Amino acid sequence: MKLAILTCGILPIPAVQGGAVENMIDFYLDYNSRKRLHDITIYSPWIPEVKTHPALSSDVNHYHFIDVTSFKARAERRLRSYFHSNEYYNYFIEYYFEKIYAHLKKQDFDFIILENCPGYALKLSRRGHKNVILHLNNNLLNATSRYHEEIFNGLKAVLTCSDFIKNCVSTIQSSSKIQTLYNAIDTKAFAPKATAIVTRGQMGFADDDFVIAYSGRVNSDKGIAELIDALIKLKGKERIKLMIIGGPFFGNAGNEDAFVRSLKEQGERIKDRIVFTGFIPYKDVPNYLHLADMAALPSMWDEPFGLTIVEALAAGLPLVTTRSGGIPEICEGVATIVDRKDVVSNLATAILDLYEHPEKRKQMATASPERAIRFDKEPYSEKFFAALEKLKE
C-alpha cells in the first residue's frame, strides 16, 4: 500500500526530540523499513538534527520535511493568522497542514493516517478525501468535540491507544470502525541489566534503603505531590525513600519550574528521603529505574494509556498506580491499583504493604515483565499494519 503519515507538526519525525506519538511512529516506520511492507511518506517539521538520522536512508519510508522555522515560514504563518483566524487549530498548526496538503494533493495514497490530529480530518473530508484514518492517542474526539459528527463521519476508521479512548470516541456513536491498538515501548531497553550503570551510592541511597521510583513528566496531573504526602504520612519509616526521575519539559531546557520548586518546598521536612534527578535522557531512564525496589505512578488525570506504566513493568518493578483512564487495561492483576479518592492514604497503605512483604514484591517483579511484553514495539507494529491491511480488504 501507499500510505501518508501526518502529525500536528509540533515535534519532528524521526523522534529526535522525543514525544510519545512520535516514538510510536518511529516504531512502525522502523518495522516497515525492515520488513519492506509498504511505501510510506511521512510529513514532518524540519529541524537540523534529523539531517543525518539513519532512518532517512530507508528506501520504503520517505520523509517530506516542512520548513516551519525560517524567517519566510514565520512571516507566512503570521500573515495566515490575520486572514484565517477561526480555524480548528491555531495558525501554526494550520499553516503546517496547508504546506503538507500542497504536496499531498498531488499524490495518490491508499490511506492518509492522521496521528492524533482529528482537526485535519475535517479539512480532508471537506476536500473530498474518503481514505482517512485517525490514530488517536488522547481524548481529542468525543461527543463534546467541535464538529465531532462531521469529523467522525468523514473517517474510514479510528484506531485508539486504549479501550478508554475508544469509549470516549464511542460517545459520538458506537461503531465497528473504532478499534483499539494498544501503545508500546521497546521493552528490551527497559529490561534489568546484569551490571548497574548508575549505582545507589551515586544517587545518595544506601543498599538497605527501600527506594520508590517515580518517572515521567513532572507536573500536577501526575500525582507527585500526593506521593510526597504519602511518604510524609509514613512516619518512622526512614528507610523508605523516593526518587523522582524527570523534569517538567521535553528536552533538557528549563529543567525546573514553579511546580518543581513547590514539590521541593513540600518535601523539605523529609528532604533526606527524596531525590530529584531532574531531566534524564529517555535512553538513560532504565538505568535509574533499576535502582528502585518499586515504582509509584499515581496519575491524577485520566491517562489515555500510560507508557511509564509499561516502562516500570518492563523494568521488573512492583508497581503502585491509580485507577485512571486506560491504566487498569495495562496492569490490572499485576500491580496495586488504588482509587484516586483519598489517594494519599491509599498510596501510603499500598507502599507500606509492599515494604513489609518482600515475597509479594518478588512475585510482582516476576509478573511485571511478563505483562509488559504484551506492549512491546514489535507486536504493536505488526498489529498496526495488520489493521490497515484489513481496512484495505
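Here's what I pulled together on the structure shown here. Residue positions are given per chain, counting from 1 as you read along its sequence in written order. In keeping with the model being predicted, local features are shown solely for residues with a pLDDT of at least 70 and side-chain atom pairs are shown and tallied solely at 80 or more, while totals for entire chains, interfaces and linings include all residues. The basis for the side-chain values is all heavy atoms of the structure; hydrogens and waters are excluded.

Next up on the list: the overall build of the protein. Along its length, the protein carries 16 helices and 13 strands. Computed over the C-alpha atoms, the radius of gyration of the protein is 22 Å, within 12% of the 21 Å expected from 2.2 N^0.38 for a compact globule of 393 residues. Oriented by its inertia axes, the alpha-carbon framework of the protein measures out at about 70 × 45 × 40 Å. A contact between two residues is defined here by any heavy atoms of the two lying within 4.5 Å. Intrachain contacts of the protein at a sequence separation of at least 6 include 68% that bridge at least 24 residues. The positive charge centre, built from 49 side chains, and the negative charge centre, built from 48, are 3 Å apart in the protein. By definition, any uninterrupted DSSP run of H or I lasting at least four residues is a helix, any uninterrupted run of E lasting at least two residues is a strand, and each is numbered from the N terminus. To get the radius of gyration, use the C-alpha atoms; to get the globule rule, take the number of residues to the power 0.38 and multiply by 2.2 Å. Counted as positive: Lys and Arg. Counted as negative: Asp and Glu, with His and the chain ends omitted from the count. Just so you know, the charge point we use is NZ for Lys, CZ for Arg, CG for Asp and CD for Glu.

The next thing to look at is the sheet that holds strand β4 (residues 111-115). Strands qualify as paired when DSSP identifies two bridges or more between them. Sheet architecture is open: seven strands sit in the order β3-β2-β1-β4-β5-β6-β7, paired in parallel fashion. A strand with exactly one partner marks an edge of an open sheet, and here the two such strands are β3 (61-66) and β7 (178-180). The sheet shows a mean angle of 20° between the axes of neighbouring strands, taken without regard to direction. With four bridges joining them, strand β5 (residues 132-136) and strand β6 (residues 157-160) adopt parallel strand pairing. Every angle, taken between N-to-C directions, lies between 0 and 180 degrees, and every axis is a line fitted to C-alpha atoms, over only the stretch in contact when it is a helix.

Under the scheme applied here, a residue whose accessible area is under 20% of the maximum for its type counts as buried, over 50% as exposed, and between as partly exposed, the area being computed with a 1.4 Å probe on protein chains only. Burial along β6 is two-sided: the face carrying Ala 157 and Leu 159 and the face carrying Val 158 and Thr 160 are both buried. Each parallel crossover has a hand, and for β5 linked through helix α5 (residues 148-153) to β6 it is right-handed. Relative to β7, β6 runs parallel, the two being bridged by three bridges. Note that in β7 the partner of Thr 160 across the bridge is Thr 180. We call a crossover right-handed when, viewed with the strands running away from us, the connection from the first strand over the helix to the second turns clockwise.

What follows deals with the side chain of Ser 215. The topology assignment puts Ser 215 in strand β8 (residues 210-215). Classification of Ser 215 by relative accessible area gives buried; the value is 5%. Discounting residues that sit within four places of it in the chain, Ser 215 has contacts with Ile 245, Val 285, Leu 289, Leu 297 and Thr 308.

What follows concerns the layout of surface pockets. Approximately 200 Å³ is the volume found for the second largest pocket. We place a 1 Å grid over just the protein atoms. Points where a 1.4 Å probe fits but has no way out form a cavity, open points with protein on both sides within 12 Å along at least 5 of 7 lines form a pocket, and any residue with an atom within 4 Å of a point lines it. What lines the second largest pocket is a set of 14 residues, among which Pro 192, Lys 193, Leu 289, His 290 and Leu 291 lie closest to the centre. For this classification, the nonpolar set comprises Ala, Val, Leu, Ile, Met, Phe, Trp, Tyr, Cys and Pro, the charged set comprises Asp, Glu, Lys and Arg, and every other residue, Gly included, is treated as polar. For the lining of the second largest pocket, the residue count by class is nine nonpolar, four polar and one charged. Grid points are joined across faces, edges and corners, and a volume is the space filled by probe spheres set on the points.

This part is about the pattern of salt bridges. Opposite charge on two side chains lets them pair, provided their charged atoms get close. Salt bridges are identified by distance alone: a Lys or Arg side-chain nitrogen within 4 Å of an Asp or Glu carboxyl oxygen. The tally for this structure, following the rule as stated, stands at 23 salt bridges. The salt bridge partner of Glu 76 is Lys 99, with a shortest N-O separation of 3.4 Å. Of this pair, Glu 76 sits in helix α2 (residues 71-83) while Lys 99 sits in helix α3 (residues 91-104), and the two are 23 residues apart along the sequence. The exposure class assigned to Glu 76 is partly exposed, which follows from its relative accessible area of 26%. Owing to a relative accessible area of 34%, Lys 99 belongs among the partly exposed residues under this scheme. The salt bridge partner of Asp 339 is Arg 323, with a shortest N-O separation of 3.9 Å.

Here the focus is unusual backbone geometry. A cis amide bond, omega 0°, links Ile 13 with the succeeding residue Pro 14. Take Pro 14: it is sitting in the loop between β1 (2-6) and α1 (20-35). Its identity is not glycine, yet Asn 116 carries a phi of approximately 70°, on the positive side. In this structure, Asn 116 sits in the loop between β4 and α4 (118-126). A relative accessible area of 11% places Asn 116 in the buried class. A positive phi angle is found at Tyr 147, which is not glycine, with a value near 55°. With respect to the secondary-structure elements, Tyr 147 resides in the loop between β5 and α5.

Classification of ring pairs uses Phe, Tyr and Trp, with its six-membered ring standing for Trp, and accepts pairs whose centres are within 6.5 Å; under 30 degrees between planes counts as stacked, over 60 as edge-to-face, and the remaining range as tilted. This model, assessed by the stated rule, comprises 15 aromatic pairs. Their ring planes at 90° and their centres at 5.9 Å tell us that Tyr 89 and Tyr 120 sit as a pair that is edge-to-face. Within this pair, whereas Tyr 89 is found in the loop between α2 and α3, its partner Tyr 120 is found in helix α4, the two being separated by 31 residues in sequence. Judged by its relative accessible area of 1%, Tyr 120 falls in the buried class. The lysine or arginine in question, Arg 126, covers the ring of Tyr 147, its NZ or CZ lying 5.2 Å from the ring centre. Across from the ring centre of Tyr 101, 4.7 Å away, lies the NZ or CZ of Arg 127, which sits over that ring. As a reminder, the over-ring test applies to NZ of lysine and CZ of arginine, requiring each to be within 6 Å of the ring centre and within 35 degrees of the ring normal.

As a packed pair, helix α9 (residues 224-233) and helix α14 (residues 343-356) sit with axes 8 Å apart at the nearest point and diverge in direction by 60°. Classed by the angle they form, the pair α9 and α14 counts as oblique. Seen along the crossing, α9 lies across α14 with a hand that is right-handed. Within the contact between the two elements, α9 uses Glu 226, Leu 227, Asp 229, Ala 230 and Lys 233 and α14 uses Val 343, Val 344, Ser 345, Leu 347, Ala 348 and Ile 351. Among the residues forming the contact of α9 with α14, the class breakdown is seven nonpolar, one polar and three charged. Should an angle fall under 35 degrees it is taken as roughly parallel, and over 145 as roughly antiparallel, whereas 65 to 115 is taken as roughly perpendicular and any remaining angle as oblique. Definitions for this section: a left-handed crossing has its near helix turned counterclockwise from the far helix by less than a right angle. A right-handed crossing has that turn clockwise.

Our next topic: helix α16 (residues 377-392). The terminal C-alpha atoms of α16, which comprises 16 residues, lie 23 Å apart, in line with the 22 Å expected from a rise of 1.5 Å per residue. If you check which residues of α16 are buried, you get Tyr 380, Ser 381, Phe 384, Phe 385, Ala 387, Leu 388 and Leu 391. Along the axis of α16, the buried positions cluster into a sector of 145°, meaning they face one direction only. Expected helix span is taken as 1.5 Å per residue step, with the number of steps being one fewer than the number of residues. By arc we mean the arc of the directions from the helix axis to the C-beta atoms, nothing more.

A few words on the pairing of β8. Extensive coverage of β8 is indicated by the burial of six of its six residues. The alternating pattern of β8 places Phe 210, Ile 212 and Tyr 214 on one face and Val 211, Ala 213 and Ser 215 on the opposite face, and all of these are buried. Relative to strand β9 (residues 240-245), β8 is paired through six bridges, and the arrangement is parallel. Among the inter-strand pairings, Ile 212 is bridged to a residue of β9, identified as Leu 242. Taking the sense of rotation as the criterion, the β-α-β connection linking β8, α9 and β9 turns out right-handed. Sheet topology note: the β8/strand β11 (residues 294-297) ladder contains two bridges and is parallel. Each bridged residue has a counterpart across the sheet, and for Ala 213 the counterpart in β11 is Ala 295.

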